[in-house]
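# A closer look at the structure
Below, each chain spelled out in residue letters.
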Amino acid sequence: MLINSKLPNVGTTIFTEMSVLAQQHNAINLGQGFPDFPMSATLTNLVNEAMQNGHNQYVHMNGLPQLREQIALKVKKLYHNTINANDEITITPGGTYAIYSALSTILNKGDEVIIFEPAYDSYIPNIEINGAVAVPISLQFPDYHIDWDEVKQKISSRTRAIIINSPHNPTGSLLSNADMQALIELTKGSNIFVISDEVYEHLVFDGKEHVSVLAYPELYKRSFVCFSFGKTYHCTGWKMGYCIAPPTLMSEFRKVHQFNSFCCNSPVQFALATFLQQENEYLQLGKFISQKRDFLMEAMRATPFKPLPSDGSYFQLYSYDGWSNETEKELAIRLTKEYGVATIPVSAFYKNKEEHKVLRFCFAKNESTLAEAAMRLSK
Ligand code: GLN
């Protein structure tokens, strides 16, 4: 049987590739972004309780109503936006699913979507499987800011959407209020949608603040804003997230969602509805994770790697400029095989494999893991 592939240029994701290589070589895995420390026992107990209390059947396809209520309260508090839990929130099996569904909702054949590279690796396949075309714009190295003049030049009559991502994977850079103003200016009066990937919303460091599209009514009216419980509560394997969008956009999104996963895991939603009320759990997260960034940075001083700034996310880029001529991928593979430390080559996040001699390190790990990795690399 032959399939006429919808994604002829797609291979296995770099995250799986590096995780498998790490396993084969017994390497410490600072590649794929997931914590190696335990999640909250309170939250796992709440899931247990929900299961034992019989919450094991389908919930509403848009998500458990009381969970959506809690999200609406949180959005009001953090981003001063009064959203309607009934019409504007859908619980999804993960942030990636939310992004994919949003793109499937709005894209038609030949549409163009502007993305900023390095870009999370699901964006382009998500665009292409819908018959649309990704228009990549490189973030400006080394601080990875957006050149808005270039965005203006790349916008065409076919531009259907712009995908933004802050805190940014893989670079750890943040969008600012000025970026939001530029985006408002560029999209004013247009039919361009914004897909805002905010899965690392609480992983922002050094007293900086997450700038959410939800806080800008001018942007929100054209936006699908995507979030992840996995990143907030250290349970990436739960694959739970949500999408927020204005009612008319959300009702179309739900048409896609209802015939895909239909609804999400019930006991987890009951547990999250209770746990979300403990706001300290997410408010202290930036501080907790930034200590890990700092710990790794200190330990990495014993190695020839030089850190680039990371203001948020699970990740920091380290440069090897000046001591190796290998490509990022070659070095990442060699470090895994010979030194027992897996990372992610940032070139994997560029359509044209652009190279700046940087590797992505995930620091959402126990200090002992980070110390051992740096020790191995210091050799
Ligand atoms: N978001 C994770 C990362 O950037 C990977 C998730 C996945 O493997 N699909 O590492």
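Bear in mind the structure is a predicted one, so any value in this text is a computation, not a measurement.

The rules behind the values
All residue numbers refer to positions counted from 1 along the written sequence of the respective chain. Residues qualify for local features only when their pLDDT is at least 70, as the model is predicted, and side-chain atom pairs are given and counted only at 80 or more; totals for whole chains, interfaces and linings, by contrast, use all residues. Each side-chain value is worked out from all heavy atoms of the structure, with water and hydrogens disregarded. Strands here are runs of E lasting at least two residues and helices are runs of H or I lasting at least four, both read from the DSSP assignment and numbered beginning at the N terminus. Just to be clear, the radius of gyration here is over C-alpha atoms, and the globule rule we use is 2.2 Å times residues to the power 0.38. Throughout, a contact is declared for two residues whenever any of their heavy atoms are within 4.5 Å. The Shrake-Rupley method, run with a 1.4 Å probe sphere, supplies the accessible areas, and residue values consider only the shown protein chains as cover. Charged residues are defined here as Lys and Arg on the positive side and Asp and Glu on the negative side; His and the ends of the chain fall outside this count. A charged residue contributes its charge at one atom only: NZ of Lys, CZ of Arg, CG of Asp or CD of Glu. To sort residues, take the accessible area from a 1.4 Å probe on protein chains only and compare it with the maximum for the residue type: under 20% means buried, over 50% means exposed, and anything in between is partly exposed. Summary of the distance rule: residues count as near a molecule or strand when at least one heavy atom falls within 4 Å of that molecule or strand. Pairing of N or O atoms within 3.5 Å defines a polar contact, subject to two protein rules: one partner must be a possible hydrogen donor and the other a possible acceptor, and residues neighboring in sequence count only if both atoms are side-chain atoms. Any residue that is not Ala, Val, Leu, Ile, Met, Phe, Trp, Tyr, Cys, Pro, Asp, Glu, Lys or Arg is counted as polar, Gly included; the first ten are nonpolar and the last four charged. An axis is simply a line fitted to the C-alpha atoms; with a helix, the fit covers only the stretch in contact. Between two such axes, the angle follows the N-to-C directions and lies from 0 to 180 degrees. Each angle receives one of four descriptions, namely roughly parallel if under 35 degrees, roughly antiparallel if over 145, roughly perpendicular if within 65 to 115, and oblique otherwise. We call a crossing left-handed when the near helix sits turned anticlockwise from the far one by less than a right angle, and right-handed when that turn is clockwise. A pair of strands is treated as paired once DSSP finds two or more bridges between them. For Phe, Tyr and Trp, rings pair up if their centres lie within 6.5 Å, where Trp contributes its six-membered ring, and each pair is then called stacked (planes under 30 degrees apart), edge-to-face (over 60) or tilted (otherwise). The criterion for a charge sitting over a ring is simple: Lys NZ or Arg CZ within 6 Å of the ring centre, and within 35 degrees of the ring normal.

The next thing to look at is the overall build of the protein chain. Along the protein chain, the regular secondary structure elements total 15 helices and 13 strands. Compactness check: the protein chain gives a C-alpha radius of gyration of 20 Å against a globular reference of 21 Å for 379 residues, within 12% of the reference. With the C-alpha coordinates aligned to their principal axes, the bounding extent of the protein chain is approximately 55 × 55 × 55 Å. For the protein chain, restricting intrachain contacts to residue pairs at least 6 apart in sequence, the fraction spanning at least 24 positions comes to 76%. Only carbon and sulfur atoms are counted for the fraction: they give 50% of the accessible area of the protein chain, which is about 16,500 Å². Between the averaged position of the 33 positive side-chain charges in the protein chain and that of its 38 negative side-chain charges there is a distance of 3 Å.

Assignment of secondary structure puts Phe116 in strand β3 (residues 112-117). Phe116 gets classed as buried once you look at its relative accessible area, which sits at 8%. With residues near it in sequence (within four places) discarded, Phe116 still touches Ile137, Leu139, Ile146, Trp148, Val151, Ile162, Ile163, Ile164 and His168.

What follows covers the site of the ligand. In the vicinity of the ligand, the contacting residues are Phe15, Gln32, Gly33, Tyr120, Asn169, Tyr200, Phe315 and Arg360. Arg360 places a polar side-chain atom, nitrogen or oxygen, 2.7 Å from an oxygen atom of the ligand. Across the shell around the ligand, the residue classes break down as four nonpolar, three polar and one charged.

What follows is about the packing of helix α2 (residues 41-52) against helix α11 (residues 266-275). Closest axis-to-axis distance for the α2/α11 pair is 8 Å, and the angle between their directions is 130°. Taken together, the axis directions place α2 and α11 in an arrangement best described as oblique. Where α2 crosses over α11, the handedness of that crossing is right-handed. Across from Thr42, Leu43, Leu46, Val47, Ala50 and Met51 in α2, the residues of α11 making contact are Pro267, Val268, Phe270, Ala271, Leu272, Thr274 and Phe275. Residues that form the contact of α2 with α11 fall into these classes: 11 nonpolar, two polar and no charged.

The next thing to look at is the pairing of strand β13 (residues 358-362). With five of its five residues buried, β13 lies for the most part within the structure. Every second residue of β13 is oriented toward a common face, with Val358, Arg360 and Cys362 on one face and Leu359 and Phe361 on the other, all of them buried. Relative to β13, strand β10 (residues 315-319) runs antiparallel, the two sharing five bridges. Paired with Gln316 across the strands is Phe361, a residue of β13. The sheet contact formed by strand β12 (residues 344-345) and β13 spans two bridges and is antiparallel. Each residue of the ladder has a partner; that of Ile344, found in β13, is Arg360.

Attention shifts here to the packing of aromatic side chains. Each aromatic ring pair is specified by the distance between its two centres and by the angle formed by the two planes. Evaluated as defined, the whole model comprises 21 aromatic pairs. Arranged with centres 5.8 Å apart and planes meeting at 80°, the rings of Tyr58 and Phe262 form a pair that is edge-to-face. Residue Tyr58 is located in the loop between α2 and α3 (65-79), and its partner Phe262 is located in the loop between α10 (247-258) and α11; the two are separated by 204 residues in the primary sequence. Seen in terms of ring centroids, Phe305 and Trp323 are 5.1 Å apart; in terms of plane orientation they differ by 85°. Their pairing is edge-to-face. Taken as a pair, Phe305 in the loop between α13 (285-299) and β9 (306-307) and Trp323 in the loop between β10 and α14 (328-339) lie far apart in primary sequence, 18 residues in all. Residue classification places Trp323 among the partly exposed residues on the basis of a relative accessible area of 34%. Across the ring face of Tyr282, the terminal group of Lys74 is positioned such that the distance to the ring centre comes to 4.2 Å. Lying over the aromatic face of Phe34, Lys365 brings its terminal NZ or CZ to 3.7 Å of the ring centre.

Moving on, we get to the environment of Thr42. Looking at the secondary structure, you find Thr42 in helix α2. Note: C-alpha distance between Thr42 and Ala271 (229 residues apart in sequence) is 9.3 Å. Dropping the residues within four chain positions of it, Thr42 is found in contact with Phe275 and Gln278.

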